[in-house]
Amino acid sequence: RFRYRLMLMGIGTMLGLIICTVALPVVLIQESFFVAFIPLYTFVFLGFASLAIIRYQLFDIRFVIAKSAGYLLLLVLLAGLMGVVSFVVSQVFINDVMLYGSQQVLLVCMTIGTAFIFQPIRRLVDHVTERVFYKRPYEPQLFINDFNKALVSASSLEQLMTHSLSAINTNLKPSNCGIYLSATDYQADREFRLDGSHPPSQHISKIARYLRASEPRVVDAYTSPPAHIHRSLQSIMRKNRVEVVGGLQSTLNQHNADSGYVYLGPKLSGDPYTAQDLRMVGILANELILAVENALKYEEINAFNATLQKKIDTATRKLKNANAHLQELDQTKDDFISMTSHQLKPQLTAAMGFITMLEDGVEGELNPGQKELNALSLRGIDRMNEIVRDLLDLSKIKSGKVDITPKKSNLMTIATEEVTRLQPRAQSEKNIALALHAPKTYPNSMFDEVKMREVITNLISNAVQYSHPDSTITVDLSSTAQKLKLTVKDTGIGVPKKAQAHLFTKFFRADNAQTVRPAGTGVGLFFVKKMVEAHDGTMIFHSEEGSGSTFGFTIPKNLHKK
């Protein structure tokens, strides 16, 4: 367009001067003296034409100059070479009296030699002239290799863009170039330029908008295509001094055709972009989009990981704060339970003493109704004592004040005493019989007698609470060379399968247990397990809902002092 415009301006200016020179003097002064200057006006046209040829390559005169210079240089080299060779040969091998036929042979040999060296010298001359006039044009395959190396050597999106633009700048030598990437879920629109490159003056996203519906994907600013969309795009490109645009079409989502584009400004040499240059831009754009998408996916993964890590850190911090608060509440609860239990214990002991005195007739004989009420009061105080005992045991476990003091004791003696003590209560409450199965002799061993007595009491009491009336609870004792074993078996309500995994946790009670005994604490079995583990023992548990349960433990025969 610039070329044609300059040519028209030159022709128009020259014709205007000619018309003014011919017409005006004749009309105004009736004189045609200035007509003699008309040939000089052709220099105006020649000036515009020269500018179009030299600056805007109206004709590729460099090709003519380069070839002319090349052939002239080739002629000079061959002539000089033949002259030197002729002189040397004539002086060394031929004397003044040589025959005419010998000279002919020499010329034929020299001609044949010149024919053999012509092509190598011509290639050398062409290479030299091309370097001078064409600034050493790039090799397409070497350009692609350099570009691929740039893509492979990049470890981040910024490096990928920098290396890619550097390879383009080195080979195509544009005055400015850059790469525009459309927005993603994690990043806004981004543009990458070489240092010193000027961005387009108009908002660059307009180019991307036109490229979305553009075919082919490589557009130059001056070759007018038939499509209106290209003409609009070219208008924007020319306003922004962008001569070539190559669209980066997504390979992952064909509907997202506006992943970005690479743009090139005018060449530093002033040369136009050739068809080969446009093909190279298309090839590079296809390779670049693959590397860009990989880098963007890597960025998305990093961004997702960073976001996820941030959320995890926030959730962890909240969880820690909540956990600290729960620990404070738990500690407050434990302190309250401990304080309350210690306050209730003496009061319950005093109440039980007074009721026992009444039952013994200290204040006179009780009638049958008073005796029944007195028995119910004793039973209620006894249950309250069990609750207070459980809470005190839990408080000791939580505070870490549970001390195991092993001493020589007999597990069968303790079990016998507890069965004898609890039998009246089991009989009066549910008409349950307690049966003790044990060998005639049972070995003495080292364990904490007080703690194990509490364990056996808990197991038998639980069996009584959850057994059916008019049934039998069996306490079984056995031993091996290394261990003592005790089990308590009942035929009561049993434990549902879904509740068995949580049975020995603090405050847990199965649904059927809550129905049978609403006032339970859910602390007894938790305490039993802790005491058995403190003796380096193992819990025994088997149960089927509706068919009864077996609870027990094994402990070493000789427990070392803890």
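Since the model is a prediction, treat every value here as computed from it, not as a measurement.

(A) A look at the overall build of the protein. Each helix and strand in the protein was counted, giving 15 helices and 12 strands. Accessible area of the protein: about 33,100 Å², with a carbon and sulfur share of 61%.

(B) Quick look at the nonpolar core. Leu411, Leu459, Ile460, Leu486 and Phe553 are the most contacted members of the largest nonpolar core, which totals 42 residues. Within the residue set of this core, elements represented by two or more residues are helix H11 (411–430), helix H12 (449–465), strand S9 (472–479), strand S10 (483–489), helix H15 (524–534), strand S11 (538–544) and strand S12 (548–556). Once residues lying within four places of it in the same chain are set aside, the contact partners of leucine 459 are Leu486, Val488, Leu525, Val528, Phe551, Gly552 and Phe553. Counting residues in hydrophobic clusters, the runner-up holds 34 residues, among them Phe143, Phe147, Leu151 and Leu157.

(C) Main features of the sheet that holds S11. Spatially, 5 strands are ordered S7-S9-S10-S12-S11 in an open sheet, and the strand pairing comes out mixed. Of all strands in the sheet, those with a lone pairing partner are strand S7 (433–437) and S11, marking the two edges. Direction aside, neighbouring strands of the sheet carry axes that sit 15° apart on average. The pairing of S9 with S10 spans 6 bridges and is classified as antiparallel. Across the sheet, the residue bridging to serine 478 is lysine 485, located in S10. On the sheet, H11 packs against S7, S9, S10 and S12 and is oriented at approximately 170° with respect to S7.

(D) Focus on the sheet that holds strand S3 (residues 218–220). Taken in spatial order, the 5 strands line up as S2-S1-S5-S4-S3 in an open sheet, and their pairing is antiparallel. The open sheet is flanked by strand S2 (190–193) and S3, the only strands paired with a single partner. The average angle at which neighbouring strand axes cross in this sheet is 15°, direction not considered. Here strand S1 (residues 177–181) runs beside strand S5 (residues 260–264); their pairing, made up of 5 bridges, is antiparallel. Paired with glycine 178 across the bridge in S5 is tyrosine 263. The strands touched by helix H6 (residues 157–172) are S1, S2 and S5; relative to S1, the strand with the most contacts, the crossing angle is about 145°.

(E) Quick look at a nonpolar patch on the surface. Taken together, the side chains of Leu81, Val85, Ile112, Phe116 and Ile117 define a hydrophobic patch exposed on the protein surface, amounting to about 440 Å² of accessible area. Contributions of two or more residues to the nonpolar patch are made by helix H3 (61–93) and helix H4 (100–134). Here the nonpolar patch takes 3 residues from H4, the largest share from any one element. One can find isoleucine 112 in helix H4.

(F) Structural detail: H15. Of all 11 residues in H15, 8 are buried; the element is thus mostly enclosed. Within H15, burial applies to Gly524, Leu525, Phe526, Phe527, Val528, Met531, Val532 and Ala534. Aspartate 536, located one to two residues past H15, shows a positive phi value of around 60°.

(G) Focus on the packing of aromatic side chains. According to the stated counting rule, one finds 5 aromatic pairs in the structure shown. With a centroid separation of 5.2 Å and an interplanar angle of 35°, the aromatic rings of tyrosine 180 and tyrosine 261 are classed as tilted. Residue tyrosine 180 is found in strand S1, and its partner tyrosine 261 is found in strand S5; the two are separated by 81 residues along the sequence. Tyrosine 261 carries the same exposure label as tyrosine 180, and that label is buried. Seen in terms of ring centroids, phenylalanine 504 and phenylalanine 541 are 6.1 Å apart; in terms of plane orientation they differ by 85°. Their pairing is edge-to-face.

(H) Spotlight on the packing of H11 against H12. Between H11 and H12, the least distance of the axes is 10 Å, while the angle of their chain directions is 30°. As judged from the angle between their axes, H11 and H12 are roughly parallel. Considering only the axes of H11 and H12, their crossing is right-handed. Contact residues: Leu411, Ile414, Ala415, Glu417, Glu418, Val419, Arg421, Leu422, Arg425, Ala426, Glu429 and Lys430 in H11; Glu449, Arg453, Ile456, Thr457, Ile460, Ser461, Val464 and Gln465 in H12.

(I) Layout of the pattern of salt bridges. All told, the structure shown has 10 salt bridges when counted by the stated rule. A salt bridge links arginine 193 to glutamate 191; the shortest N-O distance between them is 3.5 Å. A salt bridge links lysine 451 to aspartate 448; the nearest nitrogen and oxygen atoms lie 3.9 Å apart. In this pair, the class of lysine 451 matches that of aspartate 448, namely buried. Look at the salt bridges and you will find they share partners, linking Lys407, Glu417, Glu418, Arg421, Glu449 and Arg453 into a network.

Rules of the game
Residues numbered from 1 in each chain as written. Predicted model: local features only at pLDDT ≥ 70, side-chain atom pairs only at ≥ 80, totals over all residues. Heavy atoms only, no water. Helix = DSSP H or I, 4+ residues; strand = E, 2+ residues; numbered from the N terminus. Areas by Shrake-Rupley, 256 points an atom, 1.4 Å probe, with all protein chains shown as cover. Core = buried A, V, L, I, M, F, W, Y, C linked by side-chain atoms within 4.5 Å. Buried < 20%, exposed > 50% of the residue type's maximum accessible area, 1.4 Å probe, protein only. Contact = heavy atoms within 4.5 Å. Pairing = 2+ DSSP bridges. Axes fitted to C-alpha atoms, helices over the stretch in contact; angles between N-to-C directions. Patch = residues over 30% accessible without salt bridge, like charges linked within 9 Å, V, L, I, M, F, W, Y side chains within 5 Å. Salt bridge = Lys/Arg side-chain N within 4 Å of Asp/Glu carboxyl O. Phe/Tyr/Trp six-rings, centres within 6.5 Å; stacked < 30°, edge-to-face > 60°. Parallel < 35°, antiparallel > 145°, perpendicular 65-115°, else oblique. Left-handed = near helix turned anticlockwise from the far one by under 90°.

Honestly, it's all geometry; don't read function into it.
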